[in-house]
Each structure stands twice: as C-alpha cells, then as structure tokens.
Amino acid sequence: MKKSSANLAELLQHGYRYALSITHNTTQAEDLLQDAWVAILQADGPQNKGYLFTAIRNHFINHSKRDKLVPMVALESYEAEQHQNDSFFEITNETLQQSLEILRPVEREALFLSAVEGYTAEEIANHTKQPRGTILSLIHRARKKVRQYFKRDIKDVMQ
Amino acid sequence: MNDKHIDEQIKKHYQKKNLTPKKLEQLLLLAASDSAKNNTPETKTKKQLFLNHSFKQQFAIAASVCLLILLTLQALP
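Computed from a predicted model, the values in this text were never measured in an experiment.

Rules used throughout
- Residues numbered from 1 in each chain as written.
- Chains lettered and ligands numbered in written order.
- Predicted model: local features only at pLDDT ≥ 70, side-chain atom pairs only at ≥ 80, totals over all residues.
- Heavy atoms only, no water.
- Phe/Tyr/Trp six-rings, centres within 6.5 Å; stacked < 30°, edge-to-face > 60°.
- Helix = DSSP H or I, 4+ residues; strand = E, 2+ residues; numbered from the N terminus.
- Buried < 20%, exposed > 50% of the residue type's maximum accessible area, 1.4 Å probe, protein only.
- Contact = heavy atoms within 4.5 Å.
- Buried area = accessible area lost by both parts, 1.4 Å probe.
- Salt bridge = Lys/Arg side-chain N within 4 Å of Asp/Glu carboxyl O.
- Polar contact = N/O pair within 3.5 Å; in protein donor to acceptor, adjacent residues only side chain to side chain.
- Nonpolar A, V, L, I, M, F, W, Y, C, P; charged D, E, K, R; others polar.
- Patch = residues over 30% accessible without salt bridge, like charges linked within 9 Å, V, L, I, M, F, W, Y side chains within 5 Å.
- Areas by Shrake-Rupley, 256 points an atom, 1.4 Å probe, with all protein chains shown as cover.
- Expected span 1.5 Å × (residues − 1).
- Arc of directions from axis to C-beta.

Colleague: Explain the packing of aromatic side chains residue by residue, including any values.
Modeller: Tallied over the full model, the rule gives 4 aromatic pairs over all chains. Ring centres of F53 of chain A and Y119 of chain A lie 6.5 Å apart, and the angle between their planes is 80 degrees; on these two criteria the pair is classed as edge-to-face. Of this pair, F53 of chain A sits in helix α3 (residues 49-67) while Y119 of chain A sits in the loop between α5 (105-115) and α6 (121-128), and the two are 66 residues apart along the sequence. Classification of Y119 of chain A by relative accessible area gives partly exposed; the value is 25%. Taken together through their ring pairs, the aromatic side chains of Y18, F53, F112 and Y119 of chain A together with Y14 of chain B make up a single cluster.

Put into structure tokens, the structure is as follows:
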C-alpha cells in the first residue's frame, strides 16, 4: 500500500521517537530506524506504524544480541532547549531527560507506547509479546522512578 | 504530581524530538526509489532454481546429469 510523502514522513517521525525511546541515543535511533525501514522496503511489507514498530524492536533485539549491549545506557548529547512558560513545578526538559536515562529500555519503551502513542496495556503486551501484568508493572515502575527523580531534583533546588 | 502529569510531560518531551530533515529526506527517497529492493541479494539456492523448472525440464536435467556420469564412468580405464 503506497502512502503519500507527508504520511510517510509522519510515520518515520513516529518510528524515530519509538527508536529513541528504546535506545535513548539519537545516532543509534537513526540507525535503527534506517535498518528497519530498509528491511520493510526490501520485504515489500506494509508501511504502517505497527509493522514499523515491530521491525524496529526486532532490529534492536538483534543488534543488542550481536553486540552484547543489552543494557543500553548510552548518554545522549543534550541539546539546550528553551524553557519558556514553565512553572516552577513543571518538569524541566533536563530533569526529564536525566530521569528517562535511569530507566531500563523496556520501561522507557512501555512508558513511551503508553504515554506518547496512547496504546493500551493490552496492545503493548501484544506488541512486545509480554503478559499484560508485566506491562502494567513496567509502566508503574517507570512513572515511579521519574516521580522520585523529580522529587529529588526539587529538594536539591530548595536546598 | 500524578501519573497524568508525568505522561503529559513525557509526551511533550518526545513530540519535540524529530528526525533531522536530511535524514528524513534520505529515508523518503529510499521509499520512493526502488533502490532498497534492488539491493536485495539473490538468495535462491541451486535446489530452488532446479525446482522452479517444469517437470519435463527437471527430467531432462536429471537425465543429462545421469548420462554425463555414465559416460564419465565408462571412459575410465
């Protein structure tokens, strides 16, 4: 099924964000997306979000196995972003970036699919081939870690 | 700070992340051209190539090979 250029661009942006949520590194996310995209084109597979996400995930697992890089904790070069109209208790980009860094790839992935892509736990479970309970637990733990990190950050600022 | 608030912040965070225009263009070009498909390596084995032929052709190939082996054996001292 052929899609328009705008639709494909949108699809690729979604794919990039998903790859970024797993790798937490812009360069690796770009490479992962490109590998998955080429594989889809070669297989003449459907160009949709579900298929792209699955291809990205499979490629990530293959790369991790090959390179023995299962715990991906690479630091991403942080781009200074503007903090405008943020209230004091709003999570700053920097804090959020750091809090996402401490999450495990599986936790970040589950949180991304739930919070950003709006998938239900059931859908994420089908995509990742894990039990629904595990997904709920991963999301809960990820939110808890982000919250704790943020609280610690506020305490540091107050002191 | 509740779960909804965290989710909103994470959503905002990721929505700011975009592919560089250069990379996006590169991937779109890849989709537009058939270069990715053309780069697919030929993976057919000899067995697959043989099976792609019709029964008559398969029989002819097999007979030729057998004849060749017999002639070779006969020629041996």
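Colleague: Help me get a handle on the interface of chain A and chain B, residues and values and all.
Modeller: If you look at the interface, chain A gives 36 residues, while chain B gives 29 residues. Approximately 3200 Å² of surface area, both sides summed, lies buried where chain A meets chain B, with 60% of it carried by carbon and sulfur atoms. It is R17, Q42 and R143 of chain A that lose the most area in chain A upon contact with chain B, and together they represent 15% of the buried surface on that side. At the junction of chain A with chain B, the criterion picks out 3 salt bridges. Of the charged contacts, one joins D7 of chain B and R143 of chain A as a salt bridge, the two residues approaching to 2.7 Å between their closest N and O atoms. Viewed at the interface, chain B and chain A are joined by 9 residue pairs in polar contact (both at pLDDT 80 or more). Put simply, the parts of the chain that give the side of chain A that touches chain B at least two residues each are α1 (5-23), α2 (26-43), α4 (93-101), α5 and α7 (132-158) of chain A. The class makeup of the residues in the side of chain A that touches chain B is 19 nonpolar, 7 polar and 10 charged.

Colleague: Got a sec to walk through a nonpolar patch on the surface? Specific residues and values, please.
Modeller: Side chains of I61, V65, I69, L73 and L76 of chain B sit close together on the surface and give an oily, nonpolar patch of about 450 Å² of accessible area. On the secondary structure map, L73 of chain B appears in helix α5 (residues 55-75).

Colleague: Could you give me a rundown of α2 of chain A, with the residues and numbers involved?
Modeller: Residues and elements named next belong to chain A. Look at α2: 26 Å from first C-alpha to last across 18 residues, which is about the 26 Å you get at 1.5 Å a residue. Among all positions in α2, only T26, A29, E30, L32, L33, A36, W37, I40 and L41 are buried. Within α2, the buried residues cover an arc of 165 degrees as seen down the axis, which keeps them to one side. Facing away from the buried side of α2 by more than 90 degrees, the exposed set consists of T27 and A43. Between the side-chain oxygen of the N-cap and the backbone nitrogen of T27 there are 3.0 Å, and the N-cap of α2 in question is N25. Once α2 ends, the next one or two residues include D44, with phi positive near 55 degrees.

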